[in-house]
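So the chains spell out like this:
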Amino acid sequence: MWIIHKKKGIFHNFYTKQGEKGLDAEGKLSYTEVANYLRKPINHCARRLSHEGDHQRCGEAGGSVHRHRVPHHQQYPVCVQRDEREVYRAIEELGYTPDASARSFRTGKKKIIGFIVPDIANKFFATMIESVEKYLSANGYQLIIANTRENMDREETNIRLLTAGLVDGLLVASTMDDFQRFDALIPAGFPVVLVDRIFETKKYSSVCVSNFQPIYRSVCRLAGKGDQRIGIIGGLPRLSSTQERISAYRQAVADCGLPEDEHLIQYGDSLENSACACLDQLLERKCDAIIVCQGLMASETIIYLHQKGIQLAQDIDLVSFVDYDSDVYALYANQMDSIIQPVEDLGQAAGEQILRRVEVPDAPIFENVLTSTYRPYNQPRAWSHSDR
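Reading the values: rules and limits
Residues numbered from 1 in each chain as written. Predicted model: local features only at pLDDT ≥ 70, side-chain atom pairs only at ≥ 80, totals over all residues. Heavy atoms only, no water. Buried < 20%, exposed > 50% of the residue type's maximum accessible area, 1.4 Å probe, protein only. Helix = DSSP H or I, 4+ residues; strand = E, 2+ residues; numbered from the N terminus. Arc of directions from axis to C-beta. Phe/Tyr/Trp six-rings, centres within 6.5 Å; stacked < 30°, edge-to-face > 60°. 1 Å grid on protein atoms, 1.4 Å probe; cavity = no way out; pocket = protein on both sides within 12 Å on 5 of 7 lines; lining within 4 Å. Points joined across faces, edges and corners; volume = space filled by probe spheres on them.

**Topic: helix α4 (residues 84-94)**
- Turning to α4, its buried residues number three or more, namely V87, A90 and I91. Here the buried residues of α4 occupy an arc of 100° about the axis, which is enough to place them on one side. Turned more than 90 degrees away from the buried face of α4 sit R85 and E92, all of them exposed.
- Where α4 terminates, the next one or two residues include G95, which has phi positive at roughly 70°.

So, in structure tokens, the structure goes:
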């Protein structure tokens, strides 16, 4: 339906597309408002046809817009029905694009969610991002990614930017060690969901994975096989995920009566190329088993041990976190224990939680805790992410 009016040559176009109803030629007005709009004077939000060719493409002579007579005291638009194919053809020729900022001004929502991640190069977060984006897209939302590289100052900058009107809500896999600093950055009432990493203060909804039981069970299994010096490589010590995994390790070592040696606990920086130095320390201390508590560092560990000629399940026992599908994991799956994290489920749960906070800002704080799967390598059934 084309709406034309004499006053200042103003021109309106309403159309229907999948998932998006009736924006005008500047994306200012929805199709659901057409009925009300027809009872109001046309305002400055309409698109002016500045070229006679635009009128002609739409099936109207350029002069007919100006010659159309409308009583001055009414100033109501006159509707002219056009063939729908002509409408879409004109849209394509004129390069029409809906104005998202105008739509957000009218609805109060931008239909955009922000996601602050610590390392976009880490396939754990890349897989999670894909899962979040898939869920949000199915619900009419888009996703913006910000990468901190495990830098707290960068995280602060990203939080300030995204909460200043760019997004409707925020997912955060925080690298901060100070809840007060994090909390001071969040505007009052702004929808936030913590992902994978949480704080002791439960002010914000969260979605995370508990790995306490899988770590505990893996240490007990290694001890039962006769391993005495079991080393562990964790991520950044300040992270809640690292703290939980190291706590499970300490508890299992004590319960199994193994020697407690702090030198058998090594920390990487959760980024690329941080596992090798930790491995060198553990190998020097004659470890007969190693647990690697992060998928990126685990894949580096497998490659590094192979390069040094150390054979898994023969020269050393390995427990590897599996954060994503990889040929490396598949190749060595029958030579090492695996702790499989539900990454896709984590991403979908994060998407569900943030949309719930956006739609119902006053909803109670909710903590969703998923659980990893521990799979010893001598189990005959092959693992896959679809098994969770």
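Continuing now.
**Re the packing of aromatic side chains**
- For the coordinates displayed, the defined rule picks out six aromatic pairs.
- Between F124 and F125 the ring centres are 4.9 Å apart and the planes differ by 80°, which places this aromatic pair in the edge-to-face class. Neither F124 nor F125 differs from the other in exposure class; each is buried.
- For the pair F212 and Y216, a centre-to-centre distance of 6.5 Å together with 15° between the ring planes defines the contact as stacked.

**Re the layout of surface pockets**
- Approximately 490 Å³ is the volume attributed to the largest pocket.
- Lining the largest pocket are 25 residues, with I198, F199, S240, S241 and Q243 positioned closest to its centre.
- Secondary structure elements with two or more residues in the lining of the largest pocket: β11 (205-210), α10 (240-255) and β17 (367-371).
- Per-element accounting of the lining of the largest pocket gives the leading share, five residues, to α10.

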